[in-house]
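Descriptive structure summary
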Amino acid sequence: MTTTETNKLGRLLLTGAAGGLGHVLRRRLKPYVTSMRLSDIAPLGEATEHEEIVRCNLADKAAVDRLVRGCDAIVHMGGVSVERPFEEILEANIKGVFHVYEGARRHGVKRVVFASSNHVVGFHKQGEVQDADCVRRPDTYYGLSKSYGEDLSRFYFDRYGIESACLRIGSCFPEPRDRRMLVTWLSYRDLTELVRCCLFAPHLGHTIVYGVSNNRDKWWDNSRAAHIGFHPQDSSEPFRATIEALPPVDPDEPAAQFQGGGFVEAGPFEAP
Ligand code: NAI
Ligand code: 15L
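The structure contained in this document is the topic of the report that follows. Treat the numbers as computed from the prediction; the structure is a model and nothing was measured.

Looking at the side chain of Ser 39
The topology assignment puts Ser 39 in strand S2 (residues 33-40). In this structure the side chain of Ser 39 is engaged in a polar contact, spanning 2.8 Å, whose partner is the backbone oxygen of Val 54. Among residues more than four places away in sequence, those in contact with Ser 39 are Leu 13, Leu 14, Thr 15, Gly 16, Ala 17, Leu 44, Val 54, Cys 56 and Leu 67.

Brief notes about the pattern of salt bridges
Opposite charge on two side chains allows them to pair when their charged atoms are near. Applying the stated criterion to the full structure yields 21 salt bridges. The partner of Arg 106 in a salt bridge is Asp 65, and the shortest N-O contact between them spans 2.7 Å. Of the two residues, Arg 106 sits in helix H3 (residues 86-107) while Asp 65 sits in helix H2 (residues 61-68), which places them 41 residues apart along the sequence. Residue Arg 106 is classed as exposed on the basis of its relative accessible area of 51%. In this structure, Arg 240 and Glu 237 form a salt bridge, with 2.8 Å as the shortest nitrogen-oxygen distance. Salt bridges sharing partners connect three or more residues here, namely Arg 216, Asp 217, Glu 237, Arg 240 and Glu 244.

Describing H3
Across its 22 residues, H3 extends 30 Å between first and last C-alpha, which sits within 8% of the 32 Å expected from 1.5 Å per residue. The largest bend in H3 is about 35°, located at Gly 96. Turning to H3, its buried residues are Ile 89, Ala 92, Asn 93, Ile 94, Gly 96, Val 97, His 99, Val 100, Tyr 101, Glu 102, Gly 103 and Ala 104. Where the residues of H3 are buried, they touch H2, strand S4 (73-76), strand S5 (111-115), helix H4 (141-160) and strand S6 (163-169).

As for unusual backbone geometry
Residue Gly 267 is joined to Pro 268 through a cis peptide bond whose omega torsion reads 0°. In this fold, Pro 268 is placed in the segment after helix H8 (254-257). The backbone of His 50 sits at a positive phi, close to 65°, despite the residue not being glycine. Locating His 50 in the fold gives a position in the loop between S2 and strand S3 (51-55).

A short note on the packing of helix H1 (residues 20-28) against helix H6 (residues 188-200)
Relative orientation of the contacting elements H1 and H6 amounts to 65°, with a least axis distance of 10 Å. Classified by the angle between their axes, H1 and H6 sit roughly perpendicular to one another. As H1 runs across H6, the sense of the crossing is right-handed. Contacts from Leu 21, Val 24, Leu 25 and Arg 28 of H1 reach H6 at Tyr 188, Arg 189, Leu 191, Thr 192 and Val 195. Split into classes, the residues belonging to the contact of H1 with H6 amount to six nonpolar, one polar and two charged.

The rules behind these values
Residues numbered from 1 in each chain as written. Chains lettered and ligands numbered in written order. Predicted model: local features only at pLDDT ≥ 70, side-chain atom pairs only at ≥ 80, totals over all residues. Heavy atoms only, no water. Helix = DSSP H or I, 4+ residues; strand = E, 2+ residues; numbered from the N terminus. Polar contact = N/O pair within 3.5 Å; in protein donor to acceptor, adjacent residues only side chain to side chain. Contact = heavy atoms within 4.5 Å. Salt bridge = Lys/Arg side-chain N within 4 Å of Asp/Glu carboxyl O. Buried < 20%, exposed > 50% of the residue type's maximum accessible area, 1.4 Å probe, protein only. Expected span 1.5 Å × (residues − 1). Bend = angle between axes of the 7 residues up to and from the residue. Axes fitted to C-alpha atoms, helices over the stretch in contact; angles between N-to-C directions. Parallel < 35°, antiparallel > 145°, perpendicular 65-115°, else oblique. Left-handed = near helix turned anticlockwise from the far one by under 90°. Nonpolar A, V, L, I, M, F, W, Y, C, P; charged D, E, K, R; others polar.

Honestly, it's all geometry; don't read function into it.
This is the structure in structure tokens:
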């Protein structure tokens, strides 16, 4: 990984830069990088100082290869972020993550932060605690695509030495929206710190880390990622009273039983 004397990263590629989290990271990662190459399939507005904008479809291998060339590290946020028909997930997420890692291999990028998701483990029961080594139980085609990304990144580490962090992000929004998110919420401040830790950890290797704030109740244990030094500062507690005033959820609903919440009931998209 290239760093300057001021201990900033060189040129960071941020995919999914037009999305919810991309928008946040575009602004908040700026102090840590010399420049940022921002990419998305959607419009990204005007480039400001030390920014470069490249519209790119992650499903287009040649375009992603050009996108990665000249970058020092990658934060890969781009892709379909909810459950969709398999063909859409295949193009944006499965082919997309392969193209990003192939670009990294071809152009010598040695570190990638990959936005995985809690939906890799969505069919574990709420209330149970899982660490990075737990059995994966994806709850959707979407979760499966993230599980594939985790395996792919492991392969690129073992085979080519490209270090990766796979962020099993919980629910990253300005505020938690429901009871489940009191457990799964990740604040924007903690997201930024998590990504920063992954970019600057002296030894990242291949790390799986849950992206979750310091909430009262916990389904995820990050002890296996202690080496990256991520210590979340925020908690969902200030939102508890408002959320608990909402109508209760039927405890027999799958969405109330499994960690993936409503995702475990998404689809199918085709009639039998
Ligand atoms: P988002 O849907 O707001 O942003 C994703 C971006 O990827 C969008 O701007 C979209 O245009 C872009 N994109 C989609 N298909 C593309 C393609 N074929 N080529 C290029 N760009 C494409 O999602 P959000 O919330 O910002 O999430 C960012 C990442 O973090 C996603 O990978 C998502 O799966 C993951 N994540 C987010 C969580 C959250 O709570 N926000 C939780 C768990 C994971
Ligand atoms: C995700 O992976 C999604 O991208 C996001 O939209 C949320 O729904 C989040 O998980 C969640 O589980 O709350």
